Protein chains: 2
Amino acid sequence: MRHGRHAAIGVFDSGVGGLTVLKAIMDRLPLESTVYLGDTARVPYGTKSGEVVTRYSLANAHALFEYDIKALVVACNTASAVALPALERELPIPVIGVIIPGAEAAAKVTRTGKVAVIGTPGTIASGAYQAALKVAAPSMEVHTRACPLFVPLAEEGWTEGDVPRLVAEKYLGAGLLDGDVDTLVLGCTHYPLLSSIIQAVVGPRVTLVDSAIATAERLATVLRERDLERLEPTPVERHYLVTDTPARFLEVGARFLGQPLSGARQIDLHVK
Amino acid sequence: MRHGRHAAIGVFDSGVGGLTVLKAIMDRLPLESTVYLGDTARVPYGTKSGEVVTRYSLANAHALFEYDIKALVVACNTASAVALPALERELPIPVIGVIIPGAEAAAKVTRTGKVAVIGTPGTIASGAYQAALKVAAPSMEVHTRACPLFVPLAEEGWTEGDVPRLVAEKYLGAGLLDGDVDTLVLGCTHYPLLSSIIQAVVGPRVTLVDSAIATAERLATVLRERDLERLEPTPVERHYLVTDTPARFLEVGARFLGQPLSGARQIDLHVK
């Protein structure tokens with residue numbers, strides 16, 4: 001049966017960032033096969049409008065649905081922030097974004113009830129984290145800031161040294177963590193690569209929350225509830241699809257996945 | 001007559017960067033109307049493959065050709081580096097890129113015959129500047145370096161202070177200007193916004209070359225040779241087209257054009 005228990009997990013992102021989420025899924029659900037799509041011909045999403053990001057997200061989802069997938073993980077904060085309702089409407093399988101799991105994880109971590117969120121301009125402007133955090137804990141105080149340079153820094157591999165430290169000081173100063181904010185949500189899948197420098201800048205009293213693990217946990221719950229999990233060890237398949245030529249994805253992606261990628265296939269998406 | 005003397009100049013770029021070229025064209029050819037297309041739904045081009053950039057460039061060119069244009073200026077170094085032959089093949093009007101004018105300007109400026117070029121990964125990997133400089137002066141010694149963070153810095157408006165200075169020191173050190181290199185080509189239309197900091201880092205013995213003025217000059221020559229220039233003052237039209245919603249383009253674009261933009265219209269391009 002297509003899209004049943006033996007089908008794979010579909011995961012998409014604008015590029016390599018979502019591989020940090022894929023890694024968490026592979027760790028949490030080692031019996032599940034995965035198909036990952038990185039829309040490298042249109043990356044990044046974080047500086048584009050909600051309208052354009054929704055259009056690209058639907059094209060990604062339809063391409064993955066051609067594969068036999070039983071659930072779709074939107075491993076991109078910007079796409080999760082703006083396109084989740086449209087994706088849920090169009091797909092007859094569970095769709096899981098990274099924002100609600102991240103917000104719920106932050107609500108569990110905070111002791112002071114004051115949380116800061118950093119992300120792309122698109123994610124922050126959408127207000128999706130602010131809304132999800134208020135649902136998770138209505139009395140929560142939420143501060144936000146867009147940090148557009150963190151994505152190119154992570155992609156360039158400049159994750160240590162003076163440049164990322166100065167950039168982090170500039171973004172994370174001036175009021176973002178004032179009062180007794182004790183939790184900082186890394187609201188972009190690229191940011192975990194910068195977590196050492198971010199932690200050094202914000203100091204030990206602030207706990208960083210990365211939604212990758214929380215998202216993998218939520219996926220496991222959804223599969224179990226719907227009786228869709230693979231129960232017996234069978235050979236897992238790992239497919240990687242990209243919309244630009246694969247060379248750069250394979251090179252940069254290995255840093256994000258924490259292991260070499262087995263290869264990637266280039267596909268065309270027909271989008272306006 | 002369509003595409004004749006009274007038609008406009010078409011100009012495209014991946015986003016806002018090409019507005020530095022448009023500005024030079026407006027200064028040099030004040031009688032000419034212009035139609036500018038920024039492919040903001042797919043920006044940036046500089047980290048994408050030649051294959052994808054060529055596909056996007058052809059879509060841009062066809063959209064502009066629907067307007068009555070008599071010449072096309074490719075105001076993007078990456079697109080000029082990889083897509084010029086395909087554009088010249090498909091369009092029955094003159095197509096002018098920024099690389100040959102920039103290379104010719106550098107060949108005129110250098111006294112030592114040693115020139116450095118900085119640009120996006122796509123531009124540098126293409127070898128287009130290296131080839132154009134060798135044509136302009138066969139004995140030229142050419143050094144190159146990709147500087148991927150300069151584009152997001154310019155778009156973020158971080159053009160002064162510690163962060164861009166440190167980034168510039170990192171990119172422009174270590175051998176790029178060794179020996180007696182006396183000329184540095186800004187091989188990306190975003191880089192003129194960073195020229196103060198770049199000049200401060202490379203010191204006064206190195207002359208910066210920005211291809212915008214040279215490109216406008218070449219356009220003027222081509223129009224004159226083909227008897228296509230407007231000779232009498234008639235009201236000029238300025239059209240701006242974008243592929244994402246216009247808000248960010250208008251905001252960031254004003255910095256690049258050096259004056260407010262009159263408004264921009266969103267269009268769809270049907271590309272794979």
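Please refer to the structure placed before this passage.
Here we summarise the structure given alongside this text.

Scoring rules and cut-offs
- Residues numbered from 1 in each chain as written.
- Chains lettered and ligands numbered in written order.
- Predicted model: local features only at pLDDT ≥ 70, side-chain atom pairs only at ≥ 80, totals over all residues.
- Heavy atoms only, no water.
- Least-squares fit on C-alpha atoms with pLDDT ≥ 70 in both.
- Contact = heavy atoms within 4.5 Å.
- Pairing = 2+ DSSP bridges.
- Helix = DSSP H or I, 4+ residues; strand = E, 2+ residues; numbered from the N terminus.
- Right-handed = clockwise from strand over helix to strand, strands pointing away.
- Axes fitted to C-alpha atoms, helices over the stretch in contact; angles between N-to-C directions.
- Parallel < 35°, antiparallel > 145°, perpendicular 65-115°, else oblique.
- Left-handed = near helix turned anticlockwise from the far one by under 90°.
- Nonpolar A, V, L, I, M, F, W, Y, C, P; charged D, E, K, R; others polar.
- Phe/Tyr/Trp six-rings, centres within 6.5 Å; stacked < 30°, edge-to-face > 60°.
- Lys NZ or Arg CZ within 6 Å of the ring centre and 35° of its normal.
- Core = buried A, V, L, I, M, F, W, Y, C linked by side-chain atoms within 4.5 Å.
- Buried < 20%, exposed > 50% of the residue type's maximum accessible area, 1.4 Å probe, protein only.
- Buried area = accessible area lost by both parts, 1.4 Å probe.
- Salt bridge = Lys/Arg side-chain N within 4 Å of Asp/Glu carboxyl O.
- Polar contact = N/O pair within 3.5 Å; in protein donor to acceptor, adjacent residues only side chain to side chain.

1. Some details on the relation of the copies chain B and chain A
At an RMSD of 0.0 Å, chain B and chain A line up after a rotation of 180 degrees and a shift of 0.0 Å along the axis. Taken together, the rotation and translation relating the two chain copies correspond to the operation of a two-fold axis. Among all C-alpha atoms of chain B, that of B:R42 lies closest to the rotation axis, at 2.5 Å. A high fraction, 100%, of the interface residues of chain B reappear at the interface in chain A, so the copies pair face to face through one surface.

2. Digging into the pairing of strand β9 (residues 238–242) of chain B
Residue and element names in this part refer to chain B. As judged from the five bridges shared by strand β2 (residues 34–38) and β9, these two strands associate in the parallel manner. Note on β9: the bridge partner recorded for T34 is R238. By the bridge criterion, two bridges tie β9 to strand β10 (residues 265–266) in an arrangement that is parallel. Residue pairing in the sheet places V242 in a bridge with Q266 of β10. The handedness of the β9 to β10 crossover, carried by helix α11 (residues 247–257), is right-handed.

3. Quick word on the packing of helix α8 (residues 162–172) of chain A against helix α9 (residues 195–202) of chain A
Residues and elements named next belong to chain A. Between α8 and α9, whose axes approach to 9 Å, the crossing angle comes to 55 degrees. Between α8 and α9, the angle is such that the two are oblique. Crossing angle aside, the handedness with which α8 passes α9 is right-handed. Contact residues: P164, R165, A168, E169 and L172 in α8; I197, I198, V201 and V202 in α9. Looking at side-chain class alone, the contact of α8 with α9 contains seven nonpolar, no polar and two charged residues.

4. Focus: the sheet that holds strand β4 (residues 95–97) of chain B
All names here are of chain B. Pairing is parallel across the open sheet formed by six strands, whose spatial order is β4-β3-β1-β2-β9-β10. What marks the edges here is a single partner per strand, and that holds for β4 and β10. Judged from the five bridges that link them, strand β1 (residues 8–13) and β2 form a sheet pairing that is parallel. Residue F12 lies in a different strand from β2, and its bridge partner there is L37. Of the strands in this sheet, β1, β2, β3 (69–74) and β9 touch helix α2 (residues 50–66), which is tilted by about 155 degrees from β1.

5. So, the packing of aromatic side chains
This structure, assessed with the given rule, holds 12 aromatic pairs over all chains. A ring pair is formed by B:F150 and B:Y171, whose centres lie 5.3 Å apart and whose planes are at 80 degrees; its orientation type is edge-to-face. Separated by 21 residues along the polypeptide, B:F150 in helix α7 (residues 150–156) and B:Y171 in helix α8 (residues 162–172) bring together distant segments of the chain. Over the aromatic face of B:Y56 sits the side chain of B:R42, whose NZ or CZ is 5.5 Å from the ring centroid. Across the ring face of A:W158, the terminal group of B:K170 is positioned such that the distance to the ring centre comes to 4.1 Å.

6. So, the nonpolar core
In terms of nonpolar packing, the biggest core is built from 150 residues, with A:F150, A:I198, B:F150 and B:I198 touching the most fellow members. Residues within four places of A:I198 in sequence aside, it is in contact with A:I118, A:F150, A:L172, A:L184, A:L186, A:Y191 and A:L208.

7. Here we look at the interface of chain B and chain A
In this complex, chain B contributes 34 residues to the contact, which on the side of chain A involves 34 residues. Taken together, the two surfaces of chain B and chain A that pack against each other cover about 2900 Å², and 59% of this comes from carbon and sulfur. On inspection of chain B and its partner chain A, the count reaches two salt bridges. Taking the shortest distance from any N to any O, the salt bridge between A:R55 and B:D268 comes out at 3.4 Å. For the pair chain B and chain A, the number of links is 12 residue pairs in polar contact (both at pLDDT 80 or more).

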